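Examining the three-dimensional arrangement
One letter stands for each residue in the lines below.
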Amino acid sequence: MEITTDKGVTGYGSGGAGGGAVVEQHLVKLLLGEDPFDVERLWDIMYRSTLPYGQAGIAINAISGVDLALWDLIGKALHLPVYELLGGQTKPCIPAYCTGNDIEQHIKFGYRRVKIAIPYGPADGFEGQQKNLELVKKTRAQLGPDGDLMLDCYMAWNEPYTLEMAGLVEPYRVYWMEECLQPRDYEGFGRLSAEIKSTRIATGEHEYARYAFRQLLDHRGAAIWQPDIHWCGGMTELRRIGALAAAYDIPVIPHGGGAFDSIHFILATPNSPWAETFMPPPGGPEEVYRRFEEDNHLSRGPEGIYARPSDAPGLGWDIEVV
């Protein structure tokens, strides 16, 4: 998304897949001539006007991109990074974890928290289950006894399989199991959270807007919420989700939280403790990894890798339009 004002200030935002058509054919008509500082009002107008066909999916993806562009624009107009607009930093830097199965690379780089993609599910039977277990066992051995290990199940399991896997991986101190069930199976997530005591249930990447998270809350479905700023409604809605979670002492660890935009939310939010990052694949030129470190403002310390947002005005985008 690109939004330009009559004062020549431009904001950029990244929304979810498929949202472009909604912006171009609908939302642009609602935004022309409006004050970009009225971000709460504009969010409400966009959400209400897309209710007949939206509420989730591409309509919220579109709103997310517009909303983020507005926050970027406001920051640039005021010469402030977005985290300052959100209330300032709650921590000097953010402990980060790395997602992906190139474990040796991640540990060598300095990560002490890793999340691995679990490749097998119920359809793969006992053999697949044992391969999952072996992957967890191997990762724990590489990470050592003190690092944090998380599992990304990506909506592929069912309740019985999740219960079995939770028992199998219990000796390897798994910090959380993520998206074990399909989104909106709030009753299922609630049952898993009540039954499993050896780890935490995390989900929320594919939930849209605060009303979905209220359902997750009502069913006590997750110990950790993981909204994606590009899909849940942008910065404006992510703040509301974070406030709802804070009232119940639920940590919010956004999906892809190390990105240019959501990392501002994490720095400014007391109940948002970690940032998710993704390293470039191994085997590339050194310049790639140097840029990864510089672009994400990474540092090292007792908890491994830390990240923080840019201090440049807005979200910190450095975009050259050609």
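These remarks concern the structure in this document. All residue numbers refer to positions counted from 1 along the written sequence of the respective chain. Predicted model: local features are reported for residues with pLDDT of at least 70 only, side-chain atom pairs are reported and counted for 80 or more only, and whole-chain, interface and lining totals are derived from all residues. Only hydrogens and water are set aside; all other atoms, that is, all heavy atoms of the structure, feed into the side-chain values.

1. A look at the pairing of strand β7 (residues 200-203)
- Looking at chain direction, strand β6 (residues 174-178) and β7 are connected through three bridges and run parallel. By the bridge assignment, Trp176 is partnered in β7 with Arg200.
- Orient the strands so they point away from the viewer, and a crossover whose first-strand-to-second-strand path over the helix runs clockwise is right-handed. Numbering of helices and strands runs from the N terminus; a helix is a DSSP stretch of H or I covering at least four residues, while a strand is a stretch of E covering at least two. At this point the chain moves from β6, through helix α8 (residues 186-195), to the parallel β7, and the crossover so formed is right-handed.
- Paired strands, in this sense, are two strands between which DSSP finds at least two bridges. Where β7 and strand β8 (residues 224-225) come together, two bridges link them in parallel fashion.

2. Focus: the nonpolar core
- In terms of nonpolar packing, the biggest core is built from 81 residues, with Tyr111, Val136, Leu151, Met177 and Trp225 touching the most fellow members.
- Take this core: its biggest share by element is 10 residues, from helix α3 (residues 58-78).
- The residues contacting Met177, other than those within four sequence positions of it, are Leu151, Trp157, Thr162, Ala166, Val169, Ile196, Thr199, Arg200, Ile201 and Ala202.
- Formed by seven residues, the second largest nonpolar core is a distinct cluster that contains Tyr97, Met150, Trp176 and Ile253. Note on terminology: a nonpolar core comprises buried Ala, Val, Leu, Ile, Met, Phe, Trp, Tyr and Cys residues joined through side-chain atoms within 4.5 Å. Throughout, exposure labels follow a simple rule: accessible area from a 1.4 Å probe, protein chains only, divided by the maximum for the residue type, with under 20% read as buried, over 50% as exposed, and the rest as partly exposed. Residue contacts follow a heavy-atom distance rule, with two residues in contact if any of their heavy atoms lie within 4.5 Å.

3. Some remarks on empty space enclosed by the protein
- A cavity here means a set of 1 Å grid points, computed over protein atoms only, where a 1.4 Å probe fits but cannot escape. A pocket is an open set with protein on both sides within 12 Å along at least 5 of 7 lines, and lining residues have an atom within 4 Å of a point. Grid points are joined across faces, edges and corners, and a volume is the space filled by probe spheres set on the points. This structure, assessed with the given rule, holds one cavity of 30 Å³ or more.
- Computed from the structure, the largest cavity encloses a volume of approximately 60 Å³.
- Residue lining of the largest cavity: Gly258, Ala259, Phe260, Ile263, Asp295, Asn296, His297, Arg308, Pro309 and Ser310, and that is the complete set.
- Lys, Arg, Asp and Glu make up the charged group, whereas Ala, Val, Leu, Ile, Met, Phe, Trp, Tyr, Cys and Pro make up the nonpolar group; the residues left over, Gly among them, are polar. For the lining of the largest cavity, the residue count by class is four nonpolar, four polar and two charged.

4. Thoughts on the packing of aromatic side chains
- Stacked, tilted and edge-to-face are the three classes applied to pairs of Phe, Tyr and Trp rings, where Trp contributes its six-membered ring and a pair requires centres within 6.5 Å; stacked means planes under 30 degrees apart, edge-to-face means over 60, and tilted covers the rest. If you walk through the whole model with that rule in mind, you get 12 aromatic pairs.
- Site record: aromatic cluster; members linked through ring pairs are Tyr97, Tyr175, Trp176 and Trp274.
- Either the NZ atom of lysine or the CZ atom of arginine qualifies as a charge over a ring when it sits within 6 Å of the ring centre and within 35 degrees of the ring normal. Sitting above the plane of the Tyr175 ring, Arg200 keeps its charged end 3.9 Å from the centroid.
- Note that Arg240 overlies the ring of Trp43, its terminal NZ or CZ placed 4.7 Å from the centroid.

5. Re the packing of helix α2 (residues 39-50) against α3
- Running from N to C, α2 and α3 point in directions that differ by 165 degrees, and their axes come no closer than 10 Å. The angle between α2 and α3 falls in the class roughly antiparallel. For α2 against α3, the interelement crossing comes out right-handed. Mapping the contact onto sequence places Val39, Leu42, Trp43, Met46, Tyr47 and Thr50 in α2 and Ala59, Ile60, Ile63, Val66, Asp67, Leu70, Trp71 and Ile74 in α3.
- A breakdown of the residues in the contact of α2 with α3 according to their chemical character gives 12 nonpolar, one polar and one charged. In this analysis an axis means a line fitted to C-alpha atoms, helices contributing only their contacting stretch, and an angle means the value between N-to-C directions, from 0 to 180 degrees. Orientation is classified from the angle alone, with under 35 degrees giving roughly parallel, over 145 giving roughly antiparallel, 65 to 115 giving roughly perpendicular, and any other angle giving oblique. A clockwise turn of the near helix away from the far one marks a right-handed crossing, whereas an anticlockwise turn of less than a right angle marks a left-handed crossing.

6. Observations regarding the pattern of salt bridges
- The salt bridge criterion pairs a side-chain nitrogen of Lys or Arg with a carboxyl oxygen of Asp or Glu, the two atoms within 4 Å. Applying the stated criterion across every chain yields a total of 19 salt bridges.
- When the shortest N-O distance is used, the salt bridge between Glu178 and Lys115 registers 2.8 Å. Here Lys115 lies in strand β4 (residues 113-117) and Glu178 lies in strand β6, a separation of 63 residues in the sequence.
- We note a salt bridge from Glu237 to Arg210, for which the minimum N-O separation is 2.9 Å.

7. Thoughts on the side chain of Thr50
- Of note, Thr50 is situated in helix α2.
- We define a polar contact as two N or O atoms separated by no more than 3.5 Å, with the added condition that, inside protein, one atom must be a possible hydrogen donor and the other a possible acceptor, whereas residues neighbouring each other in sequence contribute only through side-chain atom pairs. Engagement of the side chain of Thr50 in a polar contact is seen with the backbone oxygen of Met46, the distance being 2.9 Å.
- Apart from residues no more than four positions distant in its own chain, Thr50 is found in contact with Val22, His26, Leu27, Gln55, Ala59 and Ile63.

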